[in-house]
Amino acid sequence: MALRYLLYYAQQTGLWSYDETTGVASNIAPFPASPGTAASIAQMAVAGGFGYFTNIVSGGGGNQIDLWRTDGTAGGTVLVTSYADFSSPDTPPVLVGLANGNVAFEIYNGSTYNLYVSNGTSAGTTQVASYTGNAPIYLAPGASGEVGGYFLFVDQATGLWSLNESTGVASNVSNFVYTGNVAPSISVVGGTAYVASITAGTTGSTLRILATNGTTAGTSVLATLPDNSGGAFPDNAAIQSLTTLANNNIAFDYNDGLHKYLDVLNSGTSTITTISSFTGNAESSALYLGAGDVAQVNGDFLFIDQATGLWSLNEATNAATNIASFTYAGAVAPSIAAIGGTAYFTEITALGSGAHVIGLWQTNGSTGGTSEVTSFVDNTPTASLGADSAGIQNLTALGNGEVSFSYFDGVSYYLYVSNGTAGGTTQVGSYTGTQPFSLASGQATQIACFTSGTMLATMDGMRAVERIAAGDVLRCGFAGSQSVVWAGSVEIDCAAQAQPHRFWPVRISAGAFGAGLPRRDLVLSPDHAVFVDGVLIPVKRLVNGVTVRQEPARLVRYHHIAFARHDVVFAEGLATESYLDAGMADLTAAMRAPADCAAMWEARGCAPLVLYGPALERVRACLAAASLLAA
């Protein structure tokens, strides 16, 4: 299997790549110090098997923003395109990886804000002409999202937009002026996206939660919450930080202008419950629920309240427990990352001298299972203690079971990795500067996985997937037969993932595709493609809730079978794909990343990959007709 890299960008030295297998970091794209300010640290995203990043370059006629693409190696790092930098202060655009393998970003041309989409080539980088923006676009993690082939984002002046990823056409599906003091928030459950909307009025703000399937007709107001500030200025009333839980509910931070609350929206009944057991509700106390600030582990939703410390919300009972009490005093937001049944979080507490104690902690979601891994010193000069920003941030789960993070000691920034022990927490590299580095982990790919017990056709008869090993010969749709070159498996704690539905298995009922196809229920990973009418279609795109349905799961073990060449195998009699290796050593992390890399499939897939269009709709119609006959 190929390597997996953690990419990070240091303002003084450029792009670095940390090989998670060897533990070696390399400066794969050296750049001189960026001319920007604190906001100008490079933006990074992962899409279609590549990492994307931006760099601001000084020039005689003004600064320039460059968009780069990388596979994690120096030779695989190329310039995609460049734009004049009209931002002030110099601020690189936010990059967002899309499910179709493209990357979206915003460019300000001096008068308007424009949305661009790129497939990683200069010719394939185009402005979305149907979108006209004269105010900033919110694209940051948590402020945008994807549902049903649509990319959703909010324009400050015109409201909610939906970009059809197949056609490249953007539509203003809900028109409003966003006036919130916080960024908008979008979270997805199945085929529905939930959007926080804040619009100012004469006596306060209108706080709404919208529900949308990505179309105008499918967009409606789900709930309206009161603004109790009485029209006071500034009006801090807001709905923010919508977060999808493992049970398909939505947690969010609701500020009514007087107090802060932790609320949970039941996506099935549309009812909203205030978590009464959570008492950290002073409006002056920050409730950290943003992307990277929360995690889910062992059925618990973890978050930090500035005044009271780490909380654990039991998703089954909606009871919240303060499992680690402290006052978070960091100048940067806390960070939480989950790996399996363990979550890591940062704790920064103030000392009387003005310096801070900086700790890395781990928890299983309970008070007794929470302990400190190690602590770090605050070397901020005495003269600068009034603006002390020392701390740990950017906790990132790695594919090798470790967690990475950046540590600022008040003078220099360092990259660390930890295996959850003090002795196993080691420095990777450092540089001296005034800016932190950006982090982006993983490379995107589509992962084809079978669940335990699935019977595959070998040349010697049917055999359970967990009993297949390298050297076994399977029946194949294209080559006739092939020897297995690699067989592996991974157990995934779905509840610990930021987007659990990306990992939930999909069950195909016996006979869904015709008599004996499959011969009994077949359970696959959501990205696993089935071979129908000469094309491969990811099973998640065939979900109809009747004969093909996704099933929430806490833990699931996926098995993978790879040949020298991508091919079709027969699982419970149904033609499905084998594993297509796109350069990943870690399968869990690969499934976190956006899938459906078109370029990879064109080069190495055994059949065309269909994500949209008439071929997909024909198969969906046949499945629907068959389900009616079977009813």
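Not measured: the values here are computed from a predicted model.

Right, let's get into the environment of aspartate 66. Along the chain, aspartate 66 turns up in strand S6 (residues 64-70). Along the sequence, aspartate 66 and valine 80 sit 14 residues apart, while their C-alpha atoms lie 7.6 Å from each other. Reaching out from aspartate 66, the side chain makes a polar contact with the side chain of glutamine 64 at a distance of 2.6 Å. In this structure the side chain of aspartate 66 is engaged in a polar contact, spanning 2.7 Å, whose partner is the side chain of serine 82.

Looking now at the sheet that holds strand S7 (residues 77-84). Strand order in this open sheet of 4 strands is S4-S5-S6-S7, and the pairing throughout is antiparallel. In the strand order of this sheet, the two ends are held by strand S4 (44-47) and S7, each with one partner. Strand-to-strand twist of the sheet, defined as the mean angle between neighbouring strand axes without regard to direction, takes the value 25°. Direction of pairing for S4 relative to strand S5 (residues 50-57): antiparallel, over a ladder of 4 bridges. When the bridges of S5 are listed, valine 46 appears paired with glycine 51.

Structurally, glutamate 577 is set in strand S52 (residues 574-577). For glutamate 577, the side chain forms a polar contact with the main-chain nitrogen of alanine 529, separated by 3.0 Å. Within the structure, the side chain of glutamate 577 is placed 2.8 Å from the side chain of histidine 566, a separation counted as a polar contact.

A few words on unusual backbone geometry. Cis peptide bonds are those with omega within 30 degrees of zero, and the linkage from leucine 517 to proline 518 qualifies with -10°. Its location among the elements puts proline 518 in the loop between strand S45 (506-508) and strand S46 (522-524). One non-glycine residue, serine 270, lies in the positive phi region at around 65°. Along the polypeptide, serine 270 turns up in the loop between strand S23 (260-265) and strand S24 (272-274).

Below, the discussion takes up the sheet that holds strand S17 (residues 186-189). A sheet is described by the order of its strands in space; here 4 strands give the open sequence S17-S18-S19-S20, paired in antiparallel fashion. Strands at the two margins of the open sheet, each flanked by one partner only, are S17 and strand S20 (219-225). Sheet twist, expressed as the average angle between the axes of neighbouring strands with direction ignored, equals 30°. In this sheet, strand S19 (residues 204-212) lies alongside strand S18 (residues 192-201) in antiparallel orientation, the contact comprising 9 bridges. Each bridged residue has a counterpart across the sheet, and for threonine 199 the counterpart in S19 is threonine 206.

Attention now goes to the packing of aromatic side chains. This model, assessed by the stated rule, comprises 24 aromatic pairs. Taking the centre distance of 5.8 Å and the plane angle of 80° together, the rings of phenylalanine 376 and phenylalanine 405 count as edge-to-face. Highlighted residues: phenylalanine 376 in strand S33 (residues 370-376) and phenylalanine 405 in strand S35 (residues 403-408), separated in sequence by 29 residues. A relative accessible area of 0% places phenylalanine 405 in the buried class. Pairing phenylalanine 405 with tyrosine 416 gives two aromatic rings, centres 5.7 Å apart and planes at 10°, and the pair type is stacked. Here the residue phenylalanine 405 occupies a position in strand S35, and tyrosine 416 occupies one in strand S36 (residues 412-418), the gap between them amounting to 11 residues.

In total, this model carries 6 salt bridges according to the counting rule given. As a salt-bridge pair, arginine 520 and glutamate 572 come within 2.9 Å of each other at their nearest N and O atoms. Placement of arginine 520 in the loop between S45 and S46 and of glutamate 572 in the loop between strand S51 (568-571) and S52 is noted, with a sequence separation of 52 residues between them. Note on arginine 520: relative accessible area 42%, which makes it partly exposed. Residue glutamate 572 is classed as buried on the basis of its relative accessible area of 2%. Through salt bridges with shared partners, one network takes in Arg507, Asp521 and Glu551.

Of all 6 residues in strand S22 (residues 250-255), 6 are buried, a share of seventy percent or more. Burial of S22 is two-sided: the residues Ile250, Phe252 and Tyr254 facing one way and the residues Ala251, Asp253 and Asn255 facing the other way are all buried. Pairing geometry for strand S21 (residues 238-244) and S22, over 5 bridges, is antiparallel. Looking across to S22, one finds that threonine 244 is bridged to isoleucine 250. Linkage of S21 to S22, two consecutive antiparallel strands, is achieved through a turn of 5 residues, within which asparagine 248 is found at a positive phi near 75°. The pairing of S22 with S23 spans 6 bridges and is antiparallel.

As a further point, take the pairing of strand S28 (residues 309-314). With respect to burial, S28 is a largely interior element, 5 of its 6 residues being buried. As judged from the 6 bridges shared by strand S27 (residues 300-305) and S28, these two strands associate in the antiparallel manner. The partner of phenylalanine 303 across the bridge, within S28, is tryptophan 311. Counting the residues between successive antiparallel strands, the hairpin from S27 to S28 contains 3 residues. For S28 and strand S29 (residues 319-325), the ladder comprises 6 bridges, and the chain directions are antiparallel. The residue bridging asparagine 314 from the neighbouring strand is alanine 319, located in S29.

Conventions we followed
- Residues numbered from 1 in each chain as written.
- Predicted model: local features only at pLDDT ≥ 70, side-chain atom pairs only at ≥ 80, totals over all residues.
- Heavy atoms only, no water.
- Helix = DSSP H or I, 4+ residues; strand = E, 2+ residues; numbered from the N terminus.
- Polar contact = N/O pair within 3.5 Å; in protein donor to acceptor, adjacent residues only side chain to side chain.
- Pairing = 2+ DSSP bridges.
- Axes fitted to C-alpha atoms, helices over the stretch in contact; angles between N-to-C directions.
- Phe/Tyr/Trp six-rings, centres within 6.5 Å; stacked < 30°, edge-to-face > 60°.
- Buried < 20%, exposed > 50% of the residue type's maximum accessible area, 1.4 Å probe, protein only.
- Salt bridge = Lys/Arg side-chain N within 4 Å of Asp/Glu carboxyl O.

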